[in-house]
Amino acid sequence: VLHKQAEHRVEEIAKTLEAALLAPLLQRDDASVRDIIESLRRDGGLEMIEVRDSSNRVVHQTGNAGNGREATDFRLTRPVELSGQRYGELGLVLSGDFIQEARTRYVRQSLTIAVAALLLTGILLVLTTGGVVRRFEALTRASKRMEQGDLDIRLPGEGVDEIGQLIGTF
């Protein structure tokens, strides 16, 4: 899902940037291309933006495409065209670090939930087994008293569960 969102984001940025760069490329206004690129890179979270003119000359490039994370980055190269006429080319690199961060956050949250569930299960287990153990201990004490000849023993704790029925029968 995150991968698809990143691809969609790069596509949307590219469409917007194509529209913004068409006039400056058409007029060969390198300063305007630079201003557009620099403002987008600051605000768009892009690692690298490169714009080439129709003769494949680099008009402006900002950022670093070779940062050692190429496998996780999202790259896109698109022509800047109007009515079939090519005015340049746009290259974008969106860092894929946010996907790794999201995965790390997901794993951390999942582990936290699992630990909380285990702790809650453990607490509930201790609480429920404590009552069962006490009832069996009472049965054991009563059995020992009967063994010694005390046959007038009454145990509290009759109930509908198996242990309660055993206490009632005893």
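The model shown is predicted, which means the values in this text are computed figures rather than measured ones. (Residues numbered from 1 in each chain as written. Predicted model: local features only at pLDDT ≥ 70, side-chain atom pairs only at ≥ 80, totals over all residues. Heavy atoms only, no water.)

S.K.: Looking at this structure, I do not really get the overall build of the protein chain. What am I missing?
M.R.: Looking only at helices and strands, one finds four helices and four strands in the protein chain. A globule of 170 residues ought to have a C-alpha radius of gyration of about 15 Å, yet the protein chain, at 36 Å, is considerably larger. The principal-axis extent of the C-alpha atoms belonging to the protein chain is close to 110 × 30 × 20 Å. The buried share of the protein chain, taken over its 170 residues, is 27%. About 11,500 Å² of surface is accessible on the protein chain, with carbon and sulfur atoms providing 55% of the total. Between the centroid of the 22 positive side chains of the protein chain and the centroid of its 25 negative side chains there is a distance of 2 Å. (Helix = DSSP H or I, 4+ residues; strand = E, 2+ residues; numbered from the N terminus. Rg over C-alpha atoms; globule rule 2.2 N^0.38 Å. Buried < 20%, exposed > 50% of the residue type's maximum accessible area, 1.4 Å probe, protein only. Areas by Shrake-Rupley, 256 points an atom, 1.4 Å probe, with all protein chains shown as cover. Lys, Arg positive; Asp, Glu negative; His and termini not counted. Charge placed at Lys NZ, Arg CZ, Asp CG, Glu CD.)

S.K.: Help me out: how do you make sense of helix α4 (residues 162-169) in this one?
M.R.: Along an α-helix, a turn takes 3.6 residues, which lines up residues three or four apart on a common side. Considered for burial, the residues of α4 that qualify are Ile-163, Gly-164 and Ile-167. The arc that holds the buried residues of α4, viewed along the axis, is 100°, so those residues lie on one side. In α4, the exposed positions that point more than 90 degrees away from the buried face belong to Glu-162 and Thr-169. A distance of 2.9 Å separates the backbone nitrogen of Gly-164 from a side-chain oxygen at the start of α4, and that oxygen is part of Asp-161. (Arc of directions from axis to C-beta. Polar contact = N/O pair within 3.5 Å; in protein donor to acceptor, adjacent residues only side chain to side chain.)

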